[in-house]
Amino acid sequence: MFDPNAMPHFYKTVFENSPVGLIVVDGNIALKDINHYMFSVFNIDQNGFYECMLGNALKCSDIYLTGKKCGEGDNCNDCALRKILNSAMLEGVNVPETVVEHDFIINGGNQKKWFKVSASRFIIKDEIFGVLSFIDITSQVEYEELLNRQLSLDAATGLINKYALVDSIKNLASGKNGLTVAMIDIDDFKAVNDQYGHLTGDKVLNLFCSAVFTNTRKQDIIGRFGGDEFMLVFLGTVEGLLIKALQRIATSFRAACRNELGFSPTFSAGVAEFSAENIAGMSVDAIIIKADENLYASKKAGKNRVTASGTIQVFK
(Lines give C-alpha, C1' and ligand atoms only; values in the text may rest on other atoms or scores of the structure.)
Protein backbone atom coordinates (compact mmCIF):
# COMPACT_ATOMS: atom_id res chain seq x y z
CA MET A 1 0.00 0.00 0.00
CA PHE A 2 1.37 3.42 -0.94
CA ASP A 3 2.12 5.51 2.12
CA PRO A 4 3.02 9.15 1.40
CA ASN A 5 4.47 9.48 4.90
CA ALA A 6 7.05 6.83 4.05
CA MET A 7 8.59 8.99 1.33
CA PRO A 8 12.05 10.30 2.16
CA HIS A 9 11.78 13.75 3.67
CA PHE A 10 13.55 15.39 0.72
CA TYR A 11 11.21 14.00 -1.93
CA LYS A 12 8.17 14.68 0.23
CA THR A 13 9.27 18.32 0.52
CA VAL A 14 9.77 18.56 -3.26
CA PHE A 15 6.31 17.06 -3.84
CA GLU A 16 4.57 19.39 -1.42
CA ASN A 17 6.28 22.54 -2.68
CA SER A 18 6.26 21.84 -6.41
CA PRO A 19 5.45 24.94 -8.55
CA VAL A 20 2.77 22.86 -10.30
CA GLY A 21 -0.21 21.08 -8.80
CA LEU A 22 0.28 17.38 -8.04
CA ILE A 23 -2.29 14.76 -7.08
CA VAL A 24 -1.81 11.05 -6.42
CA VAL A 25 -4.84 8.74 -6.70
CA ASP A 26 -5.34 5.01 -6.32
CA GLY A 27 -7.10 2.66 -8.71
CA ASN A 28 -10.50 3.87 -7.48
CA ILE A 29 -9.52 7.51 -8.18
CA ALA A 30 -9.47 8.22 -4.45
CA LEU A 31 -6.91 10.80 -3.34
CA LYS A 32 -3.79 9.51 -1.63
CA ASP A 33 -1.81 12.74 -1.60
CA ILE A 34 -2.05 16.31 -2.82
CA ASN A 35 0.40 19.21 -2.71
CA HIS A 36 0.22 22.80 -1.48
CA TYR A 37 -0.39 24.20 -4.98
CA MET A 38 -3.70 22.32 -5.21
CA PHE A 39 -4.73 23.26 -1.68
CA SER A 40 -4.21 26.90 -2.60
CA VAL A 41 -5.90 26.90 -6.03
CA PHE A 42 -8.98 24.94 -4.93
CA ASN A 43 -9.14 26.14 -1.30
CA ILE A 44 -9.29 22.53 -0.15
CA ASP A 45 -9.58 21.61 3.54
CA GLN A 46 -6.23 20.01 4.30
CA ASN A 47 -7.82 17.74 6.90
CA GLY A 48 -10.70 16.44 4.82
CA PHE A 49 -9.28 15.42 1.45
CA TYR A 50 -7.67 12.04 2.20
CA GLU A 51 -9.42 9.09 0.54
CA CYS A 52 -11.98 11.39 -1.09
CA MET A 53 -12.78 10.68 -4.71
CA LEU A 54 -11.04 13.11 -7.10
CA GLY A 55 -14.15 15.08 -8.12
CA ASN A 56 -15.44 15.24 -4.54
CA ALA A 57 -12.13 16.54 -3.20
CA LEU A 58 -11.88 19.18 -5.93
CA LYS A 59 -15.58 20.09 -5.46
CA CYS A 60 -16.61 19.41 -9.05
CA SER A 61 -19.76 21.48 -9.66
CA ASP A 62 -21.52 18.48 -11.23
CA ILE A 63 -21.55 16.48 -8.00
CA TYR A 64 -20.81 18.93 -5.19
CA LEU A 65 -23.50 18.80 -2.48
CA THR A 66 -25.51 16.21 -4.47
CA GLY A 67 -24.44 13.22 -2.37
CA LYS A 68 -22.99 11.59 -5.50
CA LYS A 69 -19.46 10.28 -5.82
CA CYS A 70 -17.02 11.19 -8.58
CA GLY A 71 -18.13 9.11 -11.55
CA GLU A 72 -21.84 9.18 -10.68
CA GLY A 73 -22.63 12.69 -11.93
CA ASP A 74 -24.63 13.44 -15.07
CA ASN A 75 -21.54 14.65 -16.92
CA CYS A 76 -18.92 12.31 -15.48
CA ASN A 77 -18.71 10.20 -18.64
CA ASP A 78 -17.60 13.31 -20.52
CA CYS A 79 -15.20 14.54 -17.84
CA ALA A 80 -11.82 15.29 -19.39
CA LEU A 81 -9.99 14.71 -16.09
CA ARG A 82 -11.42 11.20 -15.76
CA LYS A 83 -10.61 10.42 -19.39
CA ILE A 84 -7.01 11.53 -18.89
CA LEU A 85 -6.69 9.42 -15.73
CA ASN A 86 -8.24 6.37 -17.42
CA SER A 87 -5.79 6.65 -20.30
CA ALA A 88 -2.89 6.74 -17.88
CA MET A 89 -4.04 4.13 -15.37
CA LEU A 90 -5.89 1.60 -17.53
CA GLU A 91 -3.84 1.84 -20.71
CA GLY A 92 -0.52 2.81 -19.19
CA VAL A 93 -0.25 5.85 -21.46
CA ASN A 94 1.70 8.87 -20.29
CA VAL A 95 -0.62 11.75 -21.15
CA PRO A 96 1.28 14.94 -22.03
CA GLU A 97 0.03 18.44 -21.24
CA THR A 98 -3.65 18.64 -22.23
CA VAL A 99 -5.78 21.76 -21.77
CA VAL A 100 -8.79 20.95 -19.61
CA GLU A 101 -11.77 23.19 -18.87
CA HIS A 102 -13.92 22.37 -15.86
CA ASP A 103 -16.32 23.97 -13.36
CA PHE A 104 -15.58 23.78 -9.64
CA ILE A 105 -17.06 25.19 -6.45
CA ILE A 106 -14.36 27.41 -4.97
CA ASN A 107 -14.95 29.70 -1.99
CA GLY A 108 -18.64 28.90 -2.21
CA GLY A 109 -19.09 29.97 -5.84
CA ASN A 110 -19.04 28.28 -9.23
CA GLN A 111 -15.77 29.01 -11.01
CA LYS A 112 -14.63 27.88 -14.43
CA LYS A 113 -10.97 26.86 -14.45
CA TRP A 114 -8.57 25.99 -17.23
CA PHE A 115 -5.54 23.79 -16.58
CA LYS A 116 -2.74 22.13 -18.47
CA VAL A 117 -3.00 18.59 -17.15
CA SER A 118 -0.55 15.70 -17.50
CA ALA A 119 -0.98 12.15 -16.19
CA SER A 120 1.07 9.02 -15.66
CA ARG A 121 0.90 5.89 -13.55
CA PHE A 122 3.19 3.90 -11.31
CA ILE A 123 2.86 0.52 -9.64
CA ILE A 124 3.85 -0.42 -6.09
CA LYS A 125 3.38 -3.99 -4.89
CA ASP A 126 1.00 -4.73 -7.76
CA GLU A 127 -1.20 -1.75 -6.89
CA ILE A 128 -1.72 0.94 -9.56
CA PHE A 129 -1.55 4.63 -8.75
CA GLY A 130 -2.02 7.66 -10.95
CA VAL A 131 -0.29 11.03 -10.82
CA LEU A 132 -1.93 14.16 -12.19
CA SER A 133 -0.07 17.43 -12.62
CA PHE A 134 -1.94 20.72 -12.94
CA ILE A 135 -0.82 24.13 -14.19
CA ASP A 136 -3.51 26.78 -13.73
CA ILE A 137 -3.81 28.78 -16.97
CA THR A 138 -7.18 30.38 -16.17
CA SER A 139 -5.84 33.95 -16.14
CA GLN A 140 -4.07 33.41 -19.45
CA VAL A 141 -7.16 31.92 -21.13
CA GLU A 142 -9.45 34.66 -19.80
CA TYR A 143 -7.03 37.33 -21.02
CA GLU A 144 -6.88 35.76 -24.48
CA GLU A 145 -10.69 35.60 -24.58
CA LEU A 146 -10.86 39.26 -23.57
CA LEU A 147 -8.46 40.18 -26.37
CA ASN A 148 -10.48 38.14 -28.87
CA ARG A 149 -13.69 39.87 -27.78
CA GLN A 150 -12.05 43.26 -28.09
CA LEU A 151 -10.73 42.41 -31.55
CA SER A 152 -14.27 41.42 -32.53
CA LEU A 153 -15.86 44.65 -31.33
CA ASP A 154 -16.35 47.98 -33.00
CA ALA A 155 -14.82 50.54 -30.62
CA ALA A 156 -17.30 53.34 -31.38
CA THR A 157 -20.55 51.41 -30.87
CA GLY A 158 -19.63 48.30 -28.88
CA LEU A 159 -21.24 46.09 -31.54
CA ILE A 160 -19.38 43.23 -33.17
CA ASN A 161 -17.41 44.34 -36.22
CA LYS A 162 -17.46 43.28 -39.87
CA TYR A 163 -15.06 40.40 -39.37
CA ALA A 164 -17.08 38.94 -36.51
CA LEU A 165 -20.26 39.37 -38.57
CA VAL A 166 -18.73 37.42 -41.46
CA ASP A 167 -17.71 34.62 -39.08
CA SER A 168 -21.21 34.53 -37.57
CA ILE A 169 -22.86 34.25 -41.00
CA LYS A 170 -20.39 31.56 -42.02
CA ASN A 171 -21.22 29.51 -38.92
CA LEU A 172 -24.99 29.94 -39.23
CA ALA A 173 -24.95 29.18 -42.95
CA SER A 174 -23.65 25.68 -42.23
CA GLY A 175 -26.62 24.88 -39.98
CA LYS A 176 -30.02 23.37 -40.72
CA ASN A 177 -32.23 26.38 -39.98
CA GLY A 178 -31.32 28.87 -42.66
CA LEU A 179 -30.98 32.55 -41.82
CA THR A 180 -32.32 36.01 -42.58
CA VAL A 181 -30.04 39.00 -43.04
CA ALA A 182 -30.72 42.74 -43.06
CA MET A 183 -28.31 45.37 -44.36
CA ILE A 184 -29.05 48.80 -42.87
CA ASP A 185 -27.75 52.23 -43.81
CA ILE A 186 -28.41 55.52 -42.00
CA ASP A 187 -29.91 57.89 -44.56
CA ASP A 188 -27.85 60.99 -45.44
CA PHE A 189 -25.43 60.37 -42.60
CA LYS A 190 -22.71 62.48 -44.22
CA ALA A 191 -25.08 65.42 -44.21
CA VAL A 192 -25.68 64.91 -40.49
CA ASN A 193 -21.93 65.05 -39.82
CA ASP A 194 -21.52 68.10 -42.08
CA GLN A 195 -24.40 70.04 -40.54
CA TYR A 196 -24.21 69.03 -36.87
CA GLY A 197 -20.64 67.77 -36.45
CA HIS A 198 -19.08 64.37 -35.88
CA LEU A 199 -19.92 64.25 -32.18
CA THR A 200 -23.60 64.50 -33.06
CA GLY A 201 -23.05 61.93 -35.78
CA ASP A 202 -21.60 59.55 -33.19
CA LYS A 203 -24.63 60.20 -30.98
CA VAL A 204 -26.92 59.28 -33.89
CA LEU A 205 -25.07 55.97 -34.29
CA ASN A 206 -25.34 55.20 -30.59
CA LEU A 207 -29.05 56.04 -30.50
CA PHE A 208 -29.56 53.73 -33.46
CA CYS A 209 -27.72 50.93 -31.63
CA SER A 210 -29.87 51.49 -28.53
CA ALA A 211 -33.03 51.25 -30.64
CA VAL A 212 -31.77 48.00 -32.18
CA PHE A 213 -30.94 46.44 -28.81
CA THR A 214 -34.33 47.42 -27.41
CA ASN A 215 -36.24 45.88 -30.31
CA THR A 216 -34.37 42.62 -30.93
CA ARG A 217 -33.87 39.39 -29.01
CA LYS A 218 -30.79 38.15 -27.18
CA GLN A 219 -30.14 35.49 -29.81
CA ASP A 220 -30.20 37.98 -32.70
CA ILE A 221 -26.83 39.09 -34.08
CA ILE A 222 -26.22 42.82 -34.41
CA GLY A 223 -23.07 44.31 -35.87
CA ARG A 224 -21.53 47.33 -37.53
CA PHE A 225 -20.53 46.49 -41.08
CA GLY A 226 -18.65 49.76 -41.54
CA GLY A 227 -19.25 53.52 -41.49
CA ASP A 228 -23.01 54.03 -41.14
CA GLU A 229 -23.87 50.51 -42.30
CA PHE A 230 -25.14 47.84 -39.91
CA MET A 231 -26.28 44.24 -40.16
CA LEU A 232 -28.91 42.19 -38.39
CA VAL A 233 -28.75 38.42 -38.63
CA PHE A 234 -31.70 36.30 -37.48
CA LEU A 235 -31.55 32.52 -37.31
CA GLY A 236 -34.16 30.81 -39.50
CA THR A 237 -36.30 31.90 -42.43
CA VAL A 238 -38.03 34.74 -40.56
CA GLU A 239 -38.27 37.56 -43.09
CA GLY A 240 -41.57 38.85 -41.69
CA LEU A 241 -40.27 38.80 -38.11
CA LEU A 242 -37.16 40.76 -39.09
CA ILE A 243 -39.18 43.36 -41.01
CA LYS A 244 -41.44 43.91 -37.97
CA ALA A 245 -38.33 44.38 -35.83
CA LEU A 246 -37.02 46.96 -38.31
CA GLN A 247 -40.33 48.83 -38.16
CA ARG A 248 -40.06 49.01 -34.36
CA ILE A 249 -36.42 50.08 -34.57
CA ALA A 250 -37.29 52.87 -37.05
CA THR A 251 -39.97 54.27 -34.74
CA SER A 252 -37.77 54.10 -31.63
CA PHE A 253 -34.76 55.57 -33.45
CA ARG A 254 -36.62 58.59 -34.81
CA ALA A 255 -38.26 59.30 -31.45
CA ALA A 256 -34.97 59.06 -29.53
CA CYS A 257 -33.17 61.38 -31.98
CA ARG A 258 -36.02 63.88 -31.92
CA ASN A 259 -36.05 63.96 -28.11
CA GLU A 260 -32.27 64.20 -27.64
CA LEU A 261 -31.03 65.92 -30.80
CA GLY A 262 -34.01 67.85 -32.12
CA PHE A 263 -34.13 66.14 -35.52
CA SER A 264 -35.21 62.71 -36.77
CA PRO A 265 -32.83 60.88 -39.10
CA THR A 266 -34.04 57.76 -40.86
CA PHE A 267 -32.49 54.59 -42.22
CA SER A 268 -33.01 52.26 -45.16
CA ALA A 269 -32.76 48.47 -45.11
CA GLY A 270 -32.59 45.46 -47.38
CA VAL A 271 -33.63 42.01 -46.15
CA ALA A 272 -32.67 38.67 -47.67
CA GLU A 273 -33.97 35.31 -46.47
CA PHE A 274 -32.14 32.00 -47.08
CA SER A 275 -33.44 28.51 -46.40
CA ALA A 276 -30.97 25.81 -45.41
CA GLU A 277 -31.33 24.30 -48.90
CA ASN A 278 -30.78 27.58 -50.74
CA ILE A 279 -27.85 28.68 -48.63
CA ALA A 280 -25.91 25.43 -49.03
CA GLY A 281 -22.74 26.17 -50.95
CA MET A 282 -23.31 29.94 -50.99
CA SER A 283 -20.39 32.17 -50.06
CA VAL A 284 -20.73 34.77 -47.33
CA ASP A 285 -20.15 37.44 -49.96
CA ALA A 286 -23.11 36.16 -52.01
CA ILE A 287 -25.35 36.28 -48.94
CA ILE A 288 -24.32 39.84 -48.10
CA ILE A 289 -24.64 41.00 -51.72
CA LYS A 290 -28.26 39.82 -51.87
CA ALA A 291 -29.18 41.87 -48.80
CA ASP A 292 -27.14 44.80 -50.11
CA GLU A 293 -29.02 44.75 -53.43
CA ASN A 294 -32.29 45.08 -51.53
CA LEU A 295 -30.81 47.93 -49.49
CA TYR A 296 -29.91 49.71 -52.73
CA ALA A 297 -33.50 49.25 -53.94
CA SER A 298 -34.76 50.95 -50.75
CA LYS A 299 -32.38 53.86 -51.25
CA LYS A 300 -33.38 54.22 -54.90
CA ALA A 301 -37.08 54.17 -54.01
CA GLY A 302 -36.74 57.18 -51.69
CA LYS A 303 -35.06 55.96 -48.45
CA ASN A 304 -36.71 55.40 -45.06
CA ARG A 305 -37.97 52.00 -46.18
CA VAL A 306 -37.18 48.29 -46.32
CA THR A 307 -37.04 46.01 -49.37
CA ALA A 308 -37.56 42.25 -49.16
CA SER A 309 -38.70 39.65 -51.71
CA GLY A 310 -39.31 42.38 -54.29
CA THR A 311 -41.67 44.33 -51.98
CA ILE A 312 -40.83 47.77 -50.63
CA GLN A 313 -42.38 49.08 -47.40
CA VAL A 314 -42.06 52.60 -46.03
CA PHE A 315 -41.19 52.86 -42.34
CA LYS A 316 -44.11 54.50 -40.55
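That block above? That's the structure.
What you see is a predicted model, and the numbers here were worked out from it, not measured in a lab.

Caption draft 1: Representation of the packing of helix H6 (residues 162-173) against helix H11 (residues 284-300) in the model. At a minimum axis distance of 10 Å, the contact between H6 and H11 shows a crossing angle of 105°. Here H11 runs roughly perpendicular to H6, going by the angle between their axes. Only Val284, Ile287 and Ile288 of H11 make contact with H6, whose side of the interface consists of Val166, Ile169, Lys170 and Ala173. In terms of residue class, the contact of H6 with H11 is made up of six nonpolar, no polar and one charged.

Caption draft 2: Focus on the sheet that holds strand E9 (residues 267-274). Reading across the sheet, the six strands line up as E7-E8-E6-E9-E10-E11 and stay open at both edges, with mixed pairing between neighbours. Of all the strands in the sheet, the pair left with one neighbour each is strand E7 (221-226) and strand E11 (311-314). Strand after strand, the sheet turns through a mean of 20° between neighbouring axes, direction not considered. Sheet topology note: the strand E6 (residues 179-186)/strand E8 (residues 229-235) ladder contains seven bridges and is antiparallel. Bridge pairing in E8 places Thr180 opposite Phe234.

Caption draft 3: Molecular detail of the pattern of salt bridges. For the structure on display, the rule yields 13 salt bridges. With its nearest N and O atoms 3.1 Å apart, the salt bridge here joins Asp154 to Arg224. Here Arg224 lies in strand E7 and Asp154 lies in the loop between helix H5 (138-151) and H6, a separation of 70 residues in the sequence. Accessibility classification places Asp154 together with Arg224 in one group, the buried group. Its salt-bridge partner being Lys299, residue Asp185 comes within 2.5 Å of it at the nearest N-O pair. With a gap of 114 residues between them, Asp185 in strand E6 and Lys299 in helix H11 connect regions that are remote in the sequence. Looking at Asp185, the relative accessible area reads 11%, which means it is buried. Each of the salt bridges in this network shares a partner with another, and the network as a whole consists of Lys12, Glu16 and Asp33.

Analysis parameters
- Per-chain numbering applies: the sequence of each chain, read as written, is numbered from 1 onward.
- Reporting in this predicted model follows two pLDDT cut-offs: at least 70 for local features of residues, and 80 or more for side-chain atom pairs to be given and counted; totals over whole chains, interfaces and linings ignore these cut-offs and use all residues.
- With hydrogens and water excluded, all non-hydrogen atoms of the structure serve as input to the side-chain values.
- Fitted lines through C-alpha atoms serve as axes, helices being fitted only where they are in contact, and the angles separating the N-to-C directions of these axes extend from 0 to 180 degrees.
- In DSSP terms, a helix is any run of H or I states spanning at least four residues, a strand is any run of E spanning at least two, and both are numbered starting from the N terminus.
- By the definition adopted for this analysis, an angle is roughly parallel if under 35 degrees, roughly antiparallel if over 145, roughly perpendicular if from 65 to 115, and oblique otherwise.
- In this analysis, two residues are considered to be in contact whenever any of their non-hydrogen atoms come within 4.5 Å of each other.
- By the convention adopted, Pro, Cys, Tyr, Trp, Phe, Met, Ile, Leu, Val and Ala count as nonpolar, Lys, Arg, Asp and Glu as charged, and the other residues, Gly among them, as polar.
- At least two DSSP bridges between two strands are required for those strands to pair.
- By salt bridge we mean one thing: a side-chain nitrogen of Lys or Arg within 4 Å of a carboxyl oxygen of Asp or Glu.
- Buried residues are those whose accessible area, probed at 1.4 Å on protein chains only, stays under 20% of the maximum for their type, while exposed residues exceed 50% and partly exposed ones sit between those limits.

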